[in-house]
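A structural walkthrough
Here are the chains, one letter per residue:
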Amino acid sequence: MTQRGVQELRRALARRQKEKAELELQVRSFQSRFHDEVAPLQEEVLRLQKERLKQAAQTRMRSARLRNAYHDAEEAYEAFRDRRQEVARAAVESTSELKATYRRASKACHPDAVPDTYGDEAAATFQALESAYEAGQQRTVEAIADALEQWGFPEASVHSPREEDAGDQANLRRAVSALNASIDQLRESDVYQALSASGDVDLESVIVARKRELQRRLQELQRRQPA
């Protein structure tokens with residue numbers, strides 16, 4: 001493969017990294033908003049549902065149906081609360097590691113650190129890296145860092161670009177293929193499908209609609225609670 005062909009592979013890889021970072025930013029934004037604004041409402045709805053069924057089961061102690069419904073509601077509430085706590089712990093634990101990986105990767109793809117020949121590709125890769133870092137996407141930052149270690153740009157101090165061998169070219173092809181698969185998987189995820197169900201990703205409308213639904217349900221449950 002010619003040097004020009006290798007550069008085309010690098011450009012394709014940079015484009016795919018940027019596209020994946022943008023998709024993950026959308027998904028992450030939804031998940032973050034859900035965790036901060038929707039999840040507390042959903043947890044309270046689950047708690048009140050559990051309490052209401054508990055009271056009903058205690059009132060009608062012979063009803064196996066009510067006892068089973070109460071236990072199911074209790075399990076749903078506990079599972080949801082545990083997931084929220086796990087998300088919060090994971091966010092704290094990954095912060096320092098994410099920053100270290102980002103710094104390592106940014107040194108390898110900053111446009112000022114590579115020859116002018118690869119300036120556009122490095123800029124696109126650096127932009128994808130920054131987007132993933134700002135969105136807190138640990139896996140994406142790690143994937144970009146790992147890819148840079150495999151096929152990293154030559155250093156700016158190298159006046160003439162080296163000739164890539166067959167191994168470099170194979171790594172580039174595999175990296176592009178892996179990113180294509182990751183992008184397809186993101187687009188097929190439940191979260192992205194929910195966001196794009198109307199044909200256009202509208203994070204605000206999805207969040208607002210879900211909050212209104214939960215708030216109505218919460219008001220209904222609160223009215224039914226005994227004084």
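Let us look at the structure shown here. Since this is a predicted model, take the numbers as computed values, not measurements.

**Quick look at the side chain of Lys 50**
Of note, Lys 50 is situated in helix 1 (residues 3-59). The residues contacting Lys 50, other than those within four sequence positions of it, are Tyr 70, Ala 73, Glu 74 and Tyr 77.

**Let's talk about the packing of aromatic side chains**
Throughout the structure, instances matching the rule amount to one aromatic pair. Judged by centre distance (4.1 Å) and plane angle (15°), the ring pair of Tyr 102 and Tyr 133 falls under stacked. Linking Tyr 102 in helix 2 (residues 64-109) with Tyr 133 in helix 3 (residues 119-134), this pair joins segments that are 31 residues apart in sequence.

**A short note on the environment of Arg 217**
Residue placement: Arg 217 occurs in helix 7 (residues 203-224). Each C-alpha atom of the pair Arg 217 and Gln 49 lies 9.9 Å from the other, and the pair is 168 residues apart in sequence. The contacts of Arg 217, once residues within four sequence positions are left out, are Val 45, Gln 49 and Arg 224.

The rules behind each value
Chains are numbered independently. Their residues run from 1 in the order of the written sequence. Note on the predicted model: pLDDT of at least 70 is required for a residue's local features to be given, and 80 or more for side-chain atom pairs to be given and counted; whole-chain, interface and lining totals, by contrast, use all residues. The side-chain numbers reported here are obtained from all heavy atoms of the structure, hydrogens and water having been left aside. A helix here means a DSSP run of H or I that spans at least four residues, while a strand means a run of E at least two residues long, and both kinds are numbered starting from the N terminus. Should any heavy atoms of two residues lie within 4.5 Å, those residues are counted as being in contact. Each Phe, Tyr or Trp ring, with Trp reduced to its six-membered ring, pairs with another whose centre is within 6.5 Å; inter-plane angles below 30 degrees give stacked pairs, above 60 give edge-to-face pairs, and intermediate values give tilted ones.

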